[in-house]
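Next come the chains, spelled out residue by residue.
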Amino acid sequence: MWVRVLGSAAGGGFPQWNCACPRCRAVRDGSRPCRPRTQSSVAVSADYQEWFLLNASPDIRAQIEAFPALHPNGIRNSPLRSVLLTDAELDHTFGLLLLRETEDIEIHCTEAVYETLLNGTSLLQTLGAYTGVGWRPVTTGKEMSLGDGLSYLAFEVPTNKMARFGTSEGGESVVGYRITDARTGRVLVYVPGAQQLTTSVREQLQGCACLLFDGTCWQDDELVGLGIATKTSREMGHLPIGDADGSLKQLAPLAIERKVYVHINNTNPILIEDSPERRIVEEYGLEVAVDGLELEI
Ligand SMILES: [Zn+2]
Ligand SMILES: [Zn+2]
């Protein structure tokens with residue numbers, strides 16, 4: 001299975017247009033070693049011919065252009081077969097609108113996410129005015145065929161984050177995916193948003209070859225400390241990396257070949273390549289994704 005990180009930043013990207021935090025300043029003025037990043041999205045393929053998107057970011061157009069395997073191979077077509085959504089966040093779904101030139105689009109998501117996209121953000125109502133929308137309901141805990149030799153199992157990632165659109169109270173507003181290549185049995189797990197590593201989430205990480213995990217913030221009060229927000233990382237639905245009970249110390253002991261942080265917020269010091277925080281992540285055996293990172297698992 002091929003895995004391509006199209007975008008490795010959290011919502012807003014790196015730098016974020018209206019942010020002058022130390023990290024955004026550094027990437028703009030080149031004063032520290034770091035690379036710009038687009039918003040979070042991943043493409044997977046069993047054969048490098050047909051591709052499936054994990055979330056569709058507002059940067060999808062530039063992400064497709066930056067990756068020749070996603071360029072059209074006929075006069076008007078695309079190697080993209082369908083899109084899997086982990087939740088209804090705008091930075092994970094806005095790109096669907098930018099794919100409106102296609103004749104139809106296949107979207108896999110839970111009923112809670114579908115309901116929010118239809119009646120909360122109304123994104124699917126707008127998209128549906130341009131192209132056919134084929135909804136494939138995602139049932140958690142059930143192995144489902146994706147196509148081209150790939151299957152997936154979605155699992156709920158519990159969160160008590162306040163939904164901006166009040167239609168997702170029924171649970172399953174955030175999921176992760178285990179994607180399996182039937183030919184090799186190899187598994188990718190994708191969890192770009194996790195408030196905590198619950199026992200049920202940890203069980204889903206077992207036996208995977210590669211884990212792409214929520215790397216939004218280094219510490220819980222990161223945005224509060226910078227005077228950017230009043231909410232902590234956890235309150236925004238993201239387990240911080242570096243706290244005493246953060247994700248790094250919990251993920252480090254797990255026997256997984258590649259453990260990679262994705263969905264990295266522009267305030268996170270791990271974006272700075274010579275920062276102490278970046279060194280700690282690497283000492284624990286985890287990686288920090290950049291746009292264009294490609295893995296064969
Ligand atoms: Zn996000
Ligand atoms: Zn910033």
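These notes cover the structure that comes with them. Keep in mind that this is a model prediction, so the values were computed, not measured.

Here's the deal with the overall build of the protein chain
Right, so step 1: Helix and strand counts for the protein chain stand at nine helices and 14 strands.
Right, so step 2: Overall, the protein chain is about 45 × 40 × 40 Å in size when its C-alpha atoms are taken along their principal axes.
Right, so step 3: With 297 residues in all, the protein chain has 52% of them scored as buried.
Right, so step 4: Considering only intrachain contacts with a sequence separation of at least 6, the fraction spanning at least 24 residues in the protein chain is 67%.
Right, so step 5: A total of about 12900 Å² of accessible surface is found on the protein chain, and carbon and sulfur atoms cover 48% of it.

What about the environment of C109?
Right, so step 1: Assignment of secondary structure puts C109 in strand β5 (residues 104-109).
Right, so step 2: Sequence separation between C109 and T86 is 23 residues; the distance between their C-alpha atoms is 7.0 Å.
Right, so step 3: Setting aside anything within four residues of it in sequence, one finds C109 in contact with L85, Y114, W135, R136, P137, V138 and Y177.

Observations concerning the sheet that holds strand β9 (residues 175-181)
Right, so step 1: Taken in spatial order, the seven strands of this open sheet run β7-β8-β9-β10-β11-β12-β13, and their pairing is mixed. On the outer flanks of this sheet lie β7 (143-147) and β13 (287-288), each paired with one strand and no other.
Right, so step 2: Relative to strand β12 (residues 258-262), strand β11 (residues 210-214) is paired through five bridges, and the arrangement is parallel. Across the sheet, residue F213 finds its bridge partner in β12, namely Y261.

Section: the nonpolar core
Right, so step 1: Residues V189, L211, F213, L251, Y261 and V281 are the most contacted members of the largest nonpolar core, which totals 36 residues.
Right, so step 2: Elements represented by at least two residues in this core include exactly α1 (22-29), β8 (150-156), β10 (187-191), β11 and α8 (247-251).
Right, so step 3: The contacts of F213, once residues within four sequence positions are left out, are V191, A194, L197, S247, L251, V260, Y261 and V262.
Right, so step 4: In this structure, V5, L150, A154 and V290 belong to the second largest nonpolar core, which totals 30 residues.

Considerations on the coordination of the zinc ion (ligand 2)
Right, so step 1: Looking at the metal site, the zinc ion (ligand 2) is ligated by C19 (SG), C21 (SG), C24 (SG) and N266 (OD1), spaced 2.1 to 2.3 Å from it.
Right, so step 2: Considering all four donor atoms around the zinc ion (ligand 2), angles at the metal cover 100 to 116 degrees and the coordination shape is tetrahedral.

Considerations on α1
Along an α-helix, residues three or four apart share an orientation, since each turn contains 3.6 residues.
Right, so step 1: Among all positions of α1, only R23, C24, A26 and V27 are buried. Each buried residue of α1 lies within a common arc of 160 degrees when the element is viewed along its axis, so the set occupies one face.
Right, so step 2: G30 sits one or two residues past α1 and shows a positive phi near 70 degrees.

Describing the sheet that holds strand β14 (residues 294-296)
Right, so step 1: Read across the sheet, seven strands follow the order β6-β5-β4-β3-β2-β1-β14 without closing on themselves; strand pairing throughout is mixed. Across the chains shown, the open sheet's two edge strands, defined by having one partner strand only, are β6 (132-137) and β14. Within the sheet, the average angular offset between the axes of one strand and its neighbour, ignoring direction, is 25 degrees.
Right, so step 2: As paired strands, β5 and β6 are joined by six bridges and run parallel to one another. Along β6, the bridge assignment pairs H108 with R136.

Quick look at unusual backbone geometry
Right, so step 1: Along the chain, F14 connects to P15 via a cis peptide bond; the corresponding omega equals 0 degrees.
Right, so step 2: Counting through the fold element by element, P15 comes out in the loop between β1 (2-7) and α1.
Right, so step 3: With a phi angle near 70 degrees, N55 is a residue other than glycine that sits in the positive phi range.
Right, so step 4: Along the chain, N55 falls in the loop between β3 (51-54) and α2 (60-65).
Right, so step 5: Among the residues examined, N55 registers a relative accessible area of 0% and is labelled buried.
Right, so step 6: Backbone geometry places S122, a non-glycine residue, at a positive phi of 65 degrees.
Right, so step 7: By secondary structure assignment, the location of S122 is in the loop between α4 (111-120) and α5 (123-128).

Criteria and cut-off values
Residues numbered from 1 in each chain as written. Chains lettered and ligands numbered in written order. Predicted model: local features only at pLDDT ≥ 70, side-chain atom pairs only at ≥ 80, totals over all residues. Heavy atoms only, no water. Helix = DSSP H or I, 4+ residues; strand = E, 2+ residues; numbered from the N terminus. Buried < 20%, exposed > 50% of the residue type's maximum accessible area, 1.4 Å probe, protein only. Contact = heavy atoms within 4.5 Å. Areas by Shrake-Rupley, 256 points an atom, 1.4 Å probe, with all protein chains shown as cover. Pairing = 2+ DSSP bridges. Core = buried A, V, L, I, M, F, W, Y, C linked by side-chain atoms within 4.5 Å. Donors = N, O, S within 2.8 Å, 3.2 Å for Na, K, Ca; no water. Tetrahedral: all angles 85-135°; square planar, octahedral: opposite > 155°, others 65-115°. Arc of directions from axis to C-beta. Axes fitted to C-alpha atoms, helices over the stretch in contact; angles between N-to-C directions.

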